[in-house]
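Spelled out from the first residue to the last, the chains are:
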Number of protein chains: 2
Amino acid sequence: MEDRKLTVRAVERALDILMCFTQNSELGLTEIAGMIGLHKSTVHRLMTTLEEKAFVVRDAATEKYRLGIKVWELSTHLSQSDDPAVLLLPAMERLRDRLGETVSLYLRDGKDRLRIQAVQSNQAIRRVAQVGARLPLTVGASSKVLVAFAAPADQEELLSDPDWAELVKGGSYVRQLQDIRERGYATSIEEREPGAAAVAVPIVNRNGNVAAALSVSGPVSRLSSETLNEFAPVLIEAAREMGLMIP
Amino acid sequence: MEDRKLTVRAVERALDILMCFTQNSELGLTEIAGMIGLHKSTVHRLMTTLEEKAFVVRDAATEKYRLGIKVWELSTHLSQSDDPAVLLLPAMERLRDRLGETVSLYLRDGKDRLRIQAVQSNQAIRRVAQVGARLPLTVGASSKVLVAFAAPADQEELLSDPDWAELVKGGSYVRQLQDIRERGYATSIEEREPGAAAVAVPIVNRNGNVAAALSVSGPVSRLSSETLNEFAPVLIEAAREMGLMIP
DNA sequence: CTCAAATGTTTCACCACATGAAACATGGTT
DNA sequence: AACCATGTTTCATGTGGTGAAACATTTGAG
């Protein structure tokens with residue numbers, strides 16, 4: 001009890017439970033209790049509450065819990081007016097048509113990144129990217145961009161984490177970030193996903209903050225190191241235009 | 001304290017707060033406190049918790065709260081495989097093309113209904129229906145269908161509510177429901193929305209339960225009582241096919 | 001068919017923790 | 001400056017959330 005809590009524990013736990021459903025769309029009581037390390041009966045009471053408010057429902061067949069209609073209703077009321085995923089979609093489609101590869105848009109969320117939008121390549125062999133996916137911030141071109149261009153305070157916090165050093169291989173990491181800032185883009189070849197390569201750039205909004213990372217990715221067979229570097233200027237220009245569109 | 005609460009009050013309150021954002025996408029602290037009748041400081045603590053978990057964010061400019069990225073992330077993990085709004089969209093588009101008017105899909109949620117899907121008429125003068133809208137269950141063709149074909153227990157609960165009698169005009173209401181069940185469809189002319197008329201039918205799923213209500217609506221200038229009755233058989237046939245598609 | 005193991009549900013005594021009043025801080029308006 | 005509205009922090013109080021344990025129910029194994 002060193003520093004005061006100005007938060008409500010029961011609510012924190014309930015929200016943690018909800019987030020469990022991003023890993024598995026159907027969960028049982030004991031399963032949830034195991035995931036967040038609480039007693040069955042505590043979870044049961046929280047689930048009853050969530051169910052009563054229709055944030056979760058019980059599947060009639062399996063007796064397990066799923067996300068409920070209120071989550072869906074809330075999501076329709078997300079203010080879309082300034083949502084990059086909506087505003088930038090047309091520009092991303094143009095970029096996809098020009099380069100012929102899958103285009104993705106990422107936000108940093110804590111120590112992860114989230115793919116908030118994606119338009120798929122229409123070639124036969126293509127990378128298929130899932131919107132809403134939570135990915136590690138330690139590997140991949142987009143990750144390096146998001147870290148390299150993060151606000152100094154945020155970056156400091158990430159790099160000072162004791163776990164971080166282990167996750168990013170080699171002491172050259174800080175040097176890499178410096179290079180990325182100088183060049184303005186990052187590349188990755190089979191870093192997170194075997195067989196896949198990508199190039200990513202930051203999207204800087206009107207206020208000069210890095211609002212997101214934009215990436216083009218595909219099979220290594222088509223995306224050689226050389227090709228990635230050729231794509232970079234196209235991405236940089238596209239990102240510049242996109243940056244003007246978002247607040 | 002007559003009957004035991006097996007729910008968690010703090011969580012209930014937090015969820016109620018979240019649902020406030022369906023009425024207004026940007027809310028201040030005092031505003032929220034007023035809406036759910038709690039003390040400022042209580043709401044403040046709950047908001048801090050919601051903010052820490054990124055279920056809400058504070059708008060940099062206005063200092064007010066908005067829904068956060070976790071709500072968005074959760075929504076992408078809603079199991080879409082058996083979501084009527086997704087499964088029935090193509091069929092709804094075909095119906096729109098055939099009749100030329102706006103087609104909507106509704107679910108009952110407690111004592112309201114939710115528009116979970118809509119495809120707009122492409123005529124110059126048209127009804128524009130917003131997906132995610134929460135509407136009263138007391139008026140409108142879809143409402144009458146949802147009530148008339150609700151499970152007996154649910155219907156009983158609705159009709160026995162003392163408030164209900166006042167909201168539905170006239171004692172002919174129960175009789176109306178009986179008519180609707182016999183005919184298999186309901187109509188409404190300027191009942192909820194001035195200048196608008198609609199015809200609605202139930203969608204019965206494979207298990208024989210009423211899964212949703214399907215409606216066609218437009219301006220009264222085009223949808224006379226006669227036209228609505230002509231549309232009804234088309235709707236009934238479309239709803240029958242749709243019912244086979246959902247669990 | 002019986003017993004055991006796993007999952008979900010309810011009960012209960014304890015005291016941590018959520019609560020709301022009040023004081024404090026801040027910024028905008030007259 | 002004085003005021004009002006909004007957000008933030010402090011604090012005493014006792015309610016209400018907690019987890020152990022008992023109970024209920026289903027599933028599977030032997």
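Further up the page is the structure itself.
Residues numbered from 1 in each chain as written. Chains lettered and ligands numbered in written order. Predicted model: local features only at pLDDT ≥ 70, side-chain atom pairs only at ≥ 80, totals over all residues. Heavy atoms only, no water.

*Asks:* Please set out the sheet that holds strand S6 (residues 186-189) of chain B residue by residue, giving values where relevant.
*Replies:* Residue and element names in this part refer to chain B. The 6 strands are arranged S5-S4-S3-S8-S7-S6 in an open sheet whose pairing can be described as antiparallel. The open sheet has two edge strands with one neighbour each: strand S5 (134-136) and S6. On average, each strand axis in the sheet is tilted by 30° relative to the strand beside it, whichever way the strands run. Packing of helix H6 (residues 89-99) onto the sheet brings it into contact with strand S3 (102-109), strand S4 (112-119) and strand S8 (210-219), and relative to S4 it is tilted by some 70°. (Pairing = 2+ DSSP bridges. Helix = DSSP H or I, 4+ residues; strand = E, 2+ residues; numbered from the N terminus. Axes fitted to C-alpha atoms, helices over the stretch in contact; angles between N-to-C directions. Contact = heavy atoms within 4.5 Å.)

*Asks:* With reference to specific residues and values, describe the packing of helix H1 (residues 9-20) of chain B against helix H3 (residues 40-52) of chain B.
*Replies:* Residue and element names in this part refer to chain B. Where H1 contacts H3, the axes come no closer than 10 Å and their chain directions differ by 75°. As far as their axial angle goes, H3 and H1 are roughly perpendicular. Contacts between H1 and H3 involve Ala10, Arg13, Ala14, Ile17 and Leu18 from the former and Thr42, Val43, Leu46, Met47 and Leu50 from the latter. Across the contact of H1 with H3, the residue classes break down as 8 nonpolar, 1 polar and 1 charged. (Parallel < 35°, antiparallel > 145°, perpendicular 65-115°, else oblique. Nonpolar A, V, L, I, M, F, W, Y, C, P; charged D, E, K, R; others polar.)

*Asks:* Could you give me a rundown of the protein's contact with DNA strand C, with the residues and numbers involved?
*Replies:* Close contacts around DNA strand C come from 21 residues, with Arg9 and Thr30 of chain A together with His39, Thr42 and Arg45 of chain B the closest. Close to the protein, within 4 Å, the atoms of DNA strand C belong to sugar or phosphate groups at a rate of 68%. Between a phosphate oxygen of DNA strand C and a main-chain N or O atom of Leu29 of chain A, the distance comes to 3.2 Å. Within the side chain of Arg58 of chain A, an N or O atom sits 3.0 Å from a phosphate oxygen of DNA strand C. Among the secondary structure elements, those contributing two or more residues to the surface near DNA strand C are helix H1 (9-20), helix H2 (29-36) and helix H3 (40-52) of chain A together with H1 and H3 of chain B. Considering only residue class, the surface near DNA strand C consists of 5 nonpolar, 8 polar and 8 charged. (Near = heavy atom within 4 Å. Polar contact = N/O pair within 3.5 Å; in protein donor to acceptor, adjacent residues only side chain to side chain.)

*Asks:* Go over the interface of chain B and chain A with me, naming the residues and quoting the values.
*Replies:* With 44 residues of chain B at the contact, the number on the chain A side is 45 residues. A buried area of about 4,300 Å², summed over both sides, lies between chain B and chain A, and 73% of it is on carbon and sulfur atoms. Counting across the chain B and chain A interface gives 6 salt bridges. In this structure, Arg134 of chain B and Glu73 of chain A form a salt bridge, with 2.4 Å as the shortest nitrogen-oxygen distance. Remark: the boundary between chain B and chain A carries 8 residue pairs in polar contact (both at pLDDT 80 or more). When its residues are assigned to classes, the side of chain B that touches chain A shows 22 nonpolar, 11 polar and 11 charged. (Buried area = accessible area lost by both parts, 1.4 Å probe. Salt bridge = Lys/Arg side-chain N within 4 Å of Asp/Glu carboxyl O.)

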